[in-house]
Amino acid sequence: MKILFQVARADFRESVRAKWFFIYNLVFGGAIILLFALGITESRVLGFTGLSRLLITYIQLCVAILPILILISTVRSVVGDRESNVLEYFLSMPISLAAYFWGKVVSKFILVFVPIFFALILAIIWGAIKGLFIPWNIIGYYSLLLGTLSWCFLGIGMLISSVVKRQEWGLGLSILIWLILLLFIDAILIGLMMQHKIIESVIVGVALLNPMMAFRTGAVLLFDPELTAIGPASWVILDALGFKGFLAFTVTYPFLLGWFFAGLGYFRFKRGDLF
Amino acid sequence: MINIKNLTKKFGKTVILDQLNLEIKKGERIALVGQNGAGKTTLIRVLLGHYLHDGDVSVFGLDPRNKRIEVLDRIGFVPQLPPPIQMTVEELTAFSAGTSQKSSRKKIQEYADNLGLDIIKNGKKTFQKLSGGMKQKLLIALALAREPDILIMDEPAANLDPQGRQAFLLYLMEKMKDTTMLLSSHRVDEVLSLITRIVELDFGRIVQDEQVEIGEAAGQMLDCQITFSSPNDATGRVMESWHFQPMNGNKLEYKGQFLGADKLRFMTELSHFANNIIKLSIN
């Protein structure tokens, strides 16, 4: 365990100095500042205004860009070290493969989650200064949602990083997976449903399995409990799981999925040649 | 200490190591030589537990893949090309010291000092910003500080200047008499004075395996005087790199010392100016 945290600390320090981390912070910190500056707290959507309005916009933004940013920034973890021979050097030290792999996972999770969480904190502070109502339940749920979203895509990123032999392949595969997940949200699945080409339960099943869909619906569920603004697959899922069940699903499923993919990545990393 | 029986390693259909058998006893110092692609690096990676393989490999009686922590805690490894590590010198030192009970920051600092690298002064620099020689010195110091029973080095002194090289070889000769060494090198002359055995690989097979008589003077500093027939910038630079001093205020006569283990390397460098040397004495 000591070595695992040592690997995590070393990776964290290295990454903090990297340009991608600076840009990543700039995107999410900048997004909150920009949303305030654009006066989004003054506007109204679905009856929501103030900080709640800002948060719903922020979370939508995160759902759209966070997965790809996480994939791009984590997919290099193992394959990048492998290509540059850093992996060969560090794994010639008495470090277990588990400590190395999970140390990287811990570090990357902190790196991707903390900036977006701090952006939320920044919004609260700014909102408090402006005298806006602070919706703690929304903030709590969104923190959880962003945490599980980060974890889920981090798991996918680590799996890709363990499987591919070249960074370019990893980046290409990340973009492809992100696009596929985007395609299989129910706004697009509705087309198939309307054409009656695929049976409804399959479409609902696909939507249910898509973590991007879970985030998308989770992001608006608190504001729009009937999911009137979302596609038909979500209504069916909502009908089956209920409001609280769906809320629990949107955070539990991606969390488990993240563990599954990261575990699969570790298994792949451990069982083959290390380079 | 190291037992290899029928070791075969393939990448796809390409055979890199082919039914290799090798036994290495405690205290042996082996030069692993061969052309590029002969299988030297692959063999080293198998010993470090990085590759799966066919055949039996045991290090200290253990499988290096399944018992990697126990095995690697007793092995020091110095790669040929320093990897592009983004940590600072301080961070890397702390990291390496933290991975082994036998290592410590103080020890690493002492070993680095002996090799001519000031870790405190360079502590805030990222490893990447160090010169090639400084990187190599640090990696050697990190490996030696773990007091390894087996030292594996890929082109061990390739990036070192003569001073760092002398300190490094002298240290290995004096302090690590009982340490088993596996030195991978393209050139035998680079490590000849240090080794007790040569193992040559070609196309994944051992084509030569011979014992080497170690020179008595290998661990001693030798006095040397050279007289050149005419002053020359190139000879001046070579002499300066070996820390030789000009005598009588001219650049025709030089005096200095080098390590016995470096004799062949020194003579090889001087051989470029053979026509210009009129007197050479080594004691």
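Just above sits the structure.
Residues numbered from 1 in each chain as written. Chains lettered and ligands numbered in written order. Predicted model: local features only at pLDDT ≥ 70, side-chain atom pairs only at ≥ 80, totals over all residues. Heavy atoms only, no water.

**Examining the pairing of strand β1 (residues 2-11) of chain B**
All names here are of chain B. Selection rule: Any two strands with at least two DSSP bridges between them are considered paired. By definition, any uninterrupted DSSP run of H or I lasting at least four residues is a helix, any uninterrupted run of E lasting at least two residues is a strand, and each is numbered from the N terminus.
Relative to strand β4 (residues 54-59), β1 is paired through 5 bridges, and the arrangement is antiparallel. Within β4, the position partnered with Thr-8 by the bridge is Asp-54. Adjacent in sequence and paired antiparallel, β1 and strand β2 (residues 14-24) are bridged by 2 residues, among which Gly-12 carries a positive phi angle near 65°.

**A closer look at the sheet that holds strand β12 (residues 253-259) of chain B**
Residues and elements named next belong to chain B. Here is the rule we go by: Here, residues are in contact when the closest pair of their heavy atoms is within 4.5 Å. To obtain each axis, a line is fitted to C-alpha atoms, and for helices this fit is confined to the stretch in contact; angles are then taken between N-to-C directions over 0 to 180 degrees.
As summarised here, the arrangement of the 4 strands in space is β11-β12-β10-β13, forming an open sheet in which the pairing is antiparallel. Of all the strands in the sheet, the pair left with one neighbour each is β11 (245-246) and β13 (277-282). Where strand β10 (residues 221-228) lies against β12, 7 bridges are found, and the strand directions are antiparallel. Counterpart to Gln-225 in the pairing with β12 is Lys-255. Relative to β10, helix α9 (residues 263-271) is tilted by about 10°, and along the sheet it contacts β10, β12 and β13.

**A closer look at the packing of aromatic side chains**
Put simply, the rule is: Centre distance within 6.5 Å is the pairing criterion for rings of Phe, Tyr and Trp, where only the six-membered ring of Trp is used; planes under 30 degrees apart are then read as stacked, over 60 as edge-to-face, and the remainder as tilted. Each residue gets one of three labels from its accessible area relative to the maximum for its type: buried under 20%, exposed over 50%, partly exposed in between, using a 1.4 Å probe on protein chains only.
All told, the structure shown has 29 aromatic pairs over all chains when counted by the stated rule. Between Phe-11 of chain B and Tyr-51 of chain B, the aromatic rings sit 5.2 Å apart at their centres with planes inclined by 75°, giving edge-to-face as the arrangement. A residue pair is termed long-range when its members are at least 10 positions apart, and Phe-11 of chain B in strand β1 and Tyr-51 of chain B in the loop between α1 (40-47) and β4 qualify at 40 residues. On the numbers, 6.3 Å between centres and 75° between planes, the contact of Trp-242 of chain B with Phe-258 of chain B is edge-to-face. You can see Trp-242 of chain B sitting in the loop between α8 (233-241) and β11 and its partner Phe-258 of chain B sitting in strand β12, a full 16 residues away along the chain. Across the pair, Phe-258 of chain B and Trp-242 of chain B agree in class, each one buried. An aromatic cluster of at least three residues, connected via ring pairs, comprises Tyr-100, Phe-101, Trp-102, Phe-109, Phe-113, Phe-117, Trp-151, Phe-255, Trp-259, Tyr-266 and Phe-269 of chain A.

**Re the interface of chain B and chain A**
So the rule is basically this: Values labelled buried area give the accessible surface lost by two parts on being combined, using a 1.4 Å probe and summing over both. Here, a salt bridge means any Lys or Arg side-chain nitrogen found within 4 Å of an Asp or Glu carboxyl oxygen. A 3.5 Å cut-off defines polar contacts: any pair of N or O atoms within that distance qualifies, except that in protein one atom must be a possible hydrogen donor and the other a possible acceptor, and neighbouring residues in sequence count only when both atoms are side-chain atoms. Classification convention: Asp, Glu, Lys, Arg as charged; Ala, Val, Leu, Ile, Met, Phe, Trp, Tyr, Cys, Pro as nonpolar; all other residues, Gly among them, as polar.
Chain B puts 33 residues into the contact, and the matching count from chain A is 27 residues. When the two sides are added together, the surface that chain B and chain A hide from each other amounts to roughly 2,700 Å², 60% of it contributed by carbon and sulfur. Taken as a group, His-50, Arg-68 and Phe-95 of chain B account for 22% of the area that chain B buries against chain A, more than any other trio of residues on that side. Summed over the shared surface of chain B and chain A, the result is 3 salt bridges. Residue Arg-45 of chain B pairs with Glu-88 of chain A through a salt bridge whose shortest N-O separation is 2.9 Å. Linking chain B to chain A there are 14 residue pairs in polar contact (both at pLDDT 80 or more). Listing elements by their share of the side of chain B that touches chain A, those giving two or more residues are β1, α2 (68-72), α3 (89-99) and α6 (132-144) of chain B. The biggest single contributor to the side of chain B that touches chain A is α3 of chain B, with 7 residues. Of the residues in the side of chain B that touches chain A, the class split is 17 nonpolar, 9 polar and 7 charged.

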